[in-house]
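Understanding the architecture of this molecule
Here is how the chains run, residue by residue.
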Amino acid sequence: MSTLLTLAPEFASVVALPAADVPPSVPRADFSDTPIWLSAVKALLLFVFLLLNTLVVIWFERRVIGRMQNRPGPNRAGPFGLMQTLFDGLKSLFKEDVKPAAADAFLFTLAPILFATMAFVSFAIIPLGGTVNLFGHQTPLQLTDLSVAALLVLAVAGVAAYGVILAGWSSGSTYPLLGGLRSTAQVISYEIAMGLALVAVFLYSGSMSTSQIVEAQRNLWYIVPAFISFVVYVITMVGETNRIPFDLAEGEGELVAGYHTEYSGFRFAMYYLGEYINMFTVSALATTMFLGGWHAPLPFNLIGDGYFDSGWWGLLWFTIKMWLFMFFFVWLRGTLPRTRYDQFMAFGWKLLIPGTLLWVMAVAFIRGAQLGFLGDSSIAIAGREIPIATLIVIGVLLVAVLVVLWLWETKMTEREEAAAKAADVPEEIDPYAGGYPVPPLPGQRLREPSTYPALPRAGATATVVDTPTVENKEA
Amino acid sequence: MAEEQKGGFFSDLFAPVAGFGVSFATMFRKIPTEEYPEVKWPTAPRYHGRHQLNRHPDGLEKCVGCELCAWACPADAIFVEGADNDDTPVSEGGTGRYSPGERFGRIYQINYLRCIFCGLCIEACPTRALTMTNFYELADDNRADLIFTKEQLLAPLQSGMLAPPHPMAEGMEERDYYLGKVTKATDAQQQWSDEHAAEYTVSSTTTSEGETR
Amino acid sequence: MGYGIEEKLPSGILLSSVEEIVGLSHKSSMWPVTFGLACCAIEMMAVGGPHYDIARFGMERFSASPRQADLMIVAGRVSQKMAPVVRQVYDQMANPKWVISMGVCASSGGMFNNYAIVQGVDHIIPVDIYLPGCPPRPEMLLNAIVQLHKEKVRHRPLGANRAAAAKRAEEAAMAAVPTQLQPATHDHGGYVGKNLLA
């Protein structure tokens with residue numbers, strides 16, 4: 001109900017989006033003045049940037065969760081406990097690196113390396129800022145850009161799943177194997193919905209290059225026209241990174257610690273690191289796809305002819321937006337418990353994937369109408385030219401949503417009535433009616449058995465008669 | 001289901017995510033944490049902490065070695081061995097006086113790795129010799145050090161007290177100690193103690209033999 | 001598998017400073033393995049709550065996998081049937097590792113002096129800190145943790161120093177006399193006790 005209600009303003013904003021606002025082709029990032037050595041420097045800086053962010057975010061997470069649970073969190077290692085992550089890492093370094101006898105030596109070592117390095121790779125295509133002057137060269141704050149950059153992130157996430165499944169298999173132990181399978185199933189299932197959620201963005205921007213997508217959001221962030229996609233993406237990114245409430249791969253109660261049960265010391269630290277870098281990656285992608293990337297938020301992009309909306313300032317806005325997502329991750333962890341595995345899978349396959357498919361179709365129609373594929377006639381509303389086809393498509397969609405809503409409500413009411421009927425408890429109960437002793441529900445009276453020893457009653461089976469039932473008399 | 005209270009439109013709308021509000025709001029609440037090693041909050045006055053063997057106001061021990069505490073102990077954590085005591089000093093063939101009673105607790109040990117701090121020993125003690133303090137920092141790195149002996153358990157000498165052995169205050173009987181008629185060590189006791197000081201620095205170690213059970 | 005380069009340093013200033021850093025990092029980030037056995041576990045959980053908050057020591061990450069744990073808090077009575085499990089979990093922990101025996105039942109069997117309970121978990125695994133109490137209040141556990149940091153973790157000898165320490169311990173063990181012949185562990189010289197009311 002609540003999700004559907006929030007749709008209304010969203011549709012209105014789509015109506016207000018004139019076709020001319022999104023040019024068919026926005027410029028890609030220009031790498032013509034970027035020598036190879038500068039790319040290497042940028043890669044190094046990116047690596048340092050991510051490591052520093054990880055150092056801070058683990059401390060940040062533990063402190064914020066502490067505050068959410070009304071306790072201070074780590075505050076004894078260094079000022080404000082800031083050294084906590086560093087000491088965690090050092091300790092892992094100094095710890096014995098256990099390799100189980102049954103483990104496959106090569107894959108056991110390869111898996112964490114694969115996981116940690118793949119986590120870093122996706123960041124290569126994320127635009128962190130505008131074009132800046134770096135060592136005398138005009139170069140964008142982005143390591144590289146591809147015409148299919150967004151797909152690279154999904155592909156790399158797929159490869160990282162190998163790090164998980166190989167860890168589970170090569171440990172030579174049961175729990176890691178189960179945890180690895182679970183985690184891989186989860187990552188792959190949610191990647192489908194994630195990819196579909198991004199399709200709406202591709203449709204709006206007409207490109208898969210991250211720099212073009214960011215540039216296309218200069219006037220309107222895609223969180224507005226593709227709000228449903230944004231919601232789906234945020235849900236799937238939590239599933240993708242194995243975080244609470246979707247950290248089923250590490251369910252302590254059933255799987256000890258999931259795929260990294262057998263890992264200790266530095267190999268474990270690499271999983272720890274990779275997990276947090278993955279969080280940054282999905283957050284950065286969400287920023288790039290839906291929150292306008294490195295573009296300044298509303299009041300700042302109007303100041304000084306876009307002075308705050310270019311160059312190094314972009315890095316600031318990008319970092320702030322990315323950290324908002326990190327805070328959201330922490331907030332989730334501080335609020336929600338773990339979901340059940342079957343519910344989690346049912347949610348992904350039965351709701352997210354078909355729902356997103358329908359949404360992508362709807363976006364395709366809206367987009368087609370905007371670009372004039374469904375007729376050229378337009379109408380002026382409040383001074384803006386809006387194609388009639390767009391209005392018709394949106395009208396049809398609204399009607400469809402209302403119909404679905406009505407059907408759903410009817411079904412839910414029926415179900416509630418049925419449940420209420422089922423919950424009606426009869427006043428009397430025959431404890432042996434089904435052949436097994438049944439205790440009375442609250443407010444129920446036991447029917448006194450007529451004679452002793454028990455005689456066959458309606459519905460009672462022969463076995464009950466054979467055994468003398470003293471309990472019957474007592475009841 | 002039926003008892004669920006019906007909220008307004010907005011409370012229904014945000015009910016599924018109300019938990020987020022709770023965790024967010026909690027971030028700005030005052031933290032009630034006790035920063036333990038630096039800040040130590042006092043326990044409840046009745047907290048069952050480490051034991052203490054009390055003294056009479058003139059320094060004589062209240063423990064009469066009756067072993068009732070040891071018998072009451074459900075965990076067998078207390079070991080007491082009583083011995084006779086009289087006013088005659090060791091040099092004259094007696095034992096010296098440690099408690100106003102006929103006997104005193106010659107050996108008194110509590111094994112803190114057995115003790116469950118239930119307080120049954122305190123209830124059993126007929127002379128209020130054994131009580132519990134609020135002291136709780138007892139962790140140690142070996143088992144032997146956690147068997148506390150009489151010397152560790154005895155209350156420190158307060159002003160006006162005199163380390164036993166020394167005779168009872170002159171003109172007093174055992175019952176007078178419990179009637180509160182003795183308020184501090186008298187000059188005669190002090191004098192006796194000074195006279196026999198050399199003798200009892202030696203004997204005080206003999207009283208605690210058999211420490212290593 | 002095994003130890004890293006810090007184990008191969010010659011003894012001297014360098015090794016001492018490495019020991020310092022290693023000790024500091026172990027002290028600041030000591031992950032306990034979840035091993036609650038009985039009522040003491042409830043107090044152990046209370047230490048994680050806002051009133052005491054074990055997270056201040058960087059210890060809130062109770063590790064489900066013993067491989068990633070540094071500290072085993074044996075919280076509660078160890079039955080004969082549980083003993084092999086305790087030992088196995090201890091063996092699965094990666095070095096260096098420490099053990100706190102929390103509560104009297106784990107330390108000595110406590111009031112359960114019977115056939116079903118192991119009379120002290122030190123019959124099975126080496127214990128670093130014994131903690132009395134039944135169960136110990138959360139502050140007592142924090143006190144035990146602070147003691148452990150101070151005595152065992154902070155200045156743990158490494159490499160050549162550890163070999164020397166092990167040799168000393170071995171020699172001491174060879175020269176040791178039976179318990180009943182050992183001198184008393186406490187100062188029994190006088191009747192002056194600690195001032196408990198201070």
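Everything below is about the structure shown above.
Below or above, wherever it landed, is the structure these notes cover.

This part takes up the sheet that holds strand β3 (residues 103-111) of chain B. For sheets, the rule is that strands pair by backbone hydrogen bonds, running either parallel or antiparallel. Residues and elements named next belong to chain B. Reading across from one edge, β2-β3-β5 is the order of the 3 strands in this open sheet, with antiparallel pairing throughout. The open sheet has two edge strands, β2 (78-84) and β5 (147-148), and neither has a second partner. The sheet contact formed by β3 and β5 spans 2 bridges and is antiparallel. Among the inter-strand pairings, isoleucine 110 is bridged to a residue of β5, identified as phenylalanine 148.

Turning our attention to the side chain of threonine 85 of chain A. Residues and elements named next belong to chain A. Inspection of the secondary structure puts threonine 85 in helix α4 (residues 84-94). Residue threonine 85 is classed as buried on the basis of its relative accessible area of 7%. If near-sequence neighbours (up to four positions away) are discounted, threonine 85 is found in contact with Thr54, Leu55, Ile58 and Trp59.

Attention shifts here to the sheet that holds strand β2 (residues 71-75) of chain C. Residues and elements named next belong to chain C. In space, the 4 strands of this open sheet follow the order β1-β2-β3-β4, with parallel pairing throughout. Among the strands making up the open sheet, the edge pair consists of β1 (32-33) and β4 (129-131). The sheet contact formed by β1 and β2 spans 2 bridges and is parallel. By the bridge assignment for β2, proline 32 is matched with leucine 71. Against the sheet, helix α5 (residues 138-153) touches β2, β3 (98-102) and β4, its axis set at about 150 degrees to β3.

Residue and element names in this part refer to chain B. As for its placement among the helices and strands, threonine 127 is situated in the loop between α4 (120-124) and β4 (130-132). On the basis of relative accessibility, which here comes to 11%, the residue threonine 127 falls in the buried class. In this structure the side chain of threonine 127 is engaged in a polar contact, spanning 3.1 Å, whose partner is the backbone oxygen of lysine 62. In this view, threonine 127 contacts Lys62, Cys63, Val64 and Tyr178; residues no more than four positions away in its chain are not counted.

Reading the values: the criteria
Residues numbered from 1 in each chain as written. Chains lettered and ligands numbered in written order. Predicted model: local features only at pLDDT ≥ 70, side-chain atom pairs only at ≥ 80, totals over all residues. Heavy atoms only, no water. Pairing = 2+ DSSP bridges. Helix = DSSP H or I, 4+ residues; strand = E, 2+ residues; numbered from the N terminus. Buried < 20%, exposed > 50% of the residue type's maximum accessible area, 1.4 Å probe, protein only. Contact = heavy atoms within 4.5 Å. Axes fitted to C-alpha atoms, helices over the stretch in contact; angles between N-to-C directions. Polar contact = N/O pair within 3.5 Å; in protein donor to acceptor, adjacent residues only side chain to side chain.

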